[in-house]
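Now for the letters of each chain:
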Amino acid sequence: MSTRFLRIAAVYFVVAIALGLYMGITESFTQVPVHAHLNLLGWVSMALFGLIYSAYPAAGETKLATWHFWIHNLTLPVFMALLFAMLSGNPALGPAVGLVATVTLIGIVLFAVNLWRTIPAAT
């Protein structure tokens, strides 16, 4: 599980930096929220998920980890595409962005629950 998250995190890092470079070259910064979300939910969060699952391998072997992985990785690209389209002049996509963002949050909640269940409390 940790390797999967770390590899995908690197992909999001490249995509986020490429979008940032594109915005800088074109001097059009309407997609800054997408750039920030790609960096935080893609690169940083996924890298942290991977490192945490590496540090606590039992957490990465649960059904919750599997659900977390698939929910996050199926919803984040859709979330980013919808947000990109909305910020490009399609405000009617707002409810769809909110719905997909909520499902992404559910995956993150599963991650938190998984950690609470599998990582022993400090004594």
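Going by the structure above, here's the rest.
Let me sum up the structure you'll find in this document. (Residues numbered from 1 in each chain as written. Predicted model: local features only at pLDDT ≥ 70, side-chain atom pairs only at ≥ 80, totals over all residues. Heavy atoms only, no water.)

Attention shifts here to the packing of helix H2 (residues 32-55) against helix H5 (residues 94-118). One can describe the packing of H2 onto H5 by two numbers: an axis separation of 12 Å at closest approach and a directional angle of 20 degrees. Relative to H5, the element H2 is oriented roughly parallel. The two elements H2 and H5 meet at a crossing, and its hand is left-handed. Taken together, the residues of H5 that come into contact with H2 (itself represented by Leu41, Phe49, Ile52 and Tyr53) are Ile108, Phe111, Asn114 and Leu115. (Axes fitted to C-alpha atoms, helices over the stretch in contact; angles between N-to-C directions. Helix = DSSP H or I, 4+ residues; strand = E, 2+ residues; numbered from the N terminus. Parallel < 35°, antiparallel > 145°, perpendicular 65-115°, else oblique. Left-handed = near helix turned anticlockwise from the far one by under 90°. Contact = heavy atoms within 4.5 Å.)

Bringing the packing of aromatic side chains into the picture now. Applying the stated criterion to the full structure yields 7 aromatic pairs. Plain terms: the ring middles of Phe5 and Phe49 are 5.2 Å apart, the flat faces sit at 70 degrees to each other, and that makes the pair edge-to-face. You can see Phe5 sitting in helix H1 (residues 2-26) and its partner Phe49 sitting in helix H2, a full 44 residues away along the chain. Exposure class is identical for Phe5 and Phe49. Each is buried. Feature note: the residues Phe5, Phe49, Tyr53, Phe69, Trp70 and Phe111 constitute an aromatic cluster, connected by ring pairs. Here the basic side chain of Arg4 rests over the ring of Phe69, its NZ or CZ set 5.0 Å away from the ring centre. (Phe/Tyr/Trp six-rings, centres within 6.5 Å; stacked < 30°, edge-to-face > 60°. Buried < 20%, exposed > 50% of the residue type's maximum accessible area, 1.4 Å probe, protein only. Lys NZ or Arg CZ within 6 Å of the ring centre and 35° of its normal.)

A surface patch of nonpolar side chains, about 420 Å² in accessible area, is lined by Leu6, Leu40, Val44, Leu48 and Leu51. For the nonpolar patch, the element with the most residues is H2, which contributes 4 residues. Here Leu6 is to be found in helix H1. Judged by relative accessible area, Leu6 falls into the partly exposed class, the value being 33%. (Patch = residues over 30% accessible without salt bridge, like charges linked within 9 Å, V, L, I, M, F, W, Y side chains within 5 Å. Areas by Shrake-Rupley, 256 points an atom, 1.4 Å probe, with all protein chains shown as cover. Salt bridge = Lys/Arg side-chain N within 4 Å of Asp/Glu carboxyl O.)

Further remarks concern the side chain of His68. Structurally, His68 can be placed in helix H4 (residues 63-87). By relative accessible area, His68 is classed as buried at 0%. The residues contacting His68, other than those within four sequence positions of it, are Phe5, Phe49, Tyr53, Gly107, Ile108, Leu110 and Phe111.

Where H1 contacts H4, the axes come no closer than 12 Å and their chain directions differ by 10 degrees. Viewed along their axes, H1 and H4 adopt a mutual orientation that is roughly parallel. Judged by residue contacts, Arg4, Phe5, Ile8, Tyr12 and Leu19 of H1 engage His68, Phe69, Trp70, Asn73, Leu76, Pro77 and Phe84 from H4. Here the contact of H1 with H4 is built from residues that sort into 9 nonpolar, 2 polar and 1 charged. (Nonpolar A, V, L, I, M, F, W, Y, C, P; charged D, E, K, R; others polar.)

Note that Leu93 resides in the loop between H4 and H5. Take Leu93: its relative accessible area is 26%, and that puts it in the partly exposed class. Considering only alpha carbons, one finds Leu93 and Ala81, 12 residues apart in sequence, at a separation of 10 Å. Once residues within four sequence positions are removed from consideration, Leu93 is found in contact with Leu82, Ala85 and Met86.

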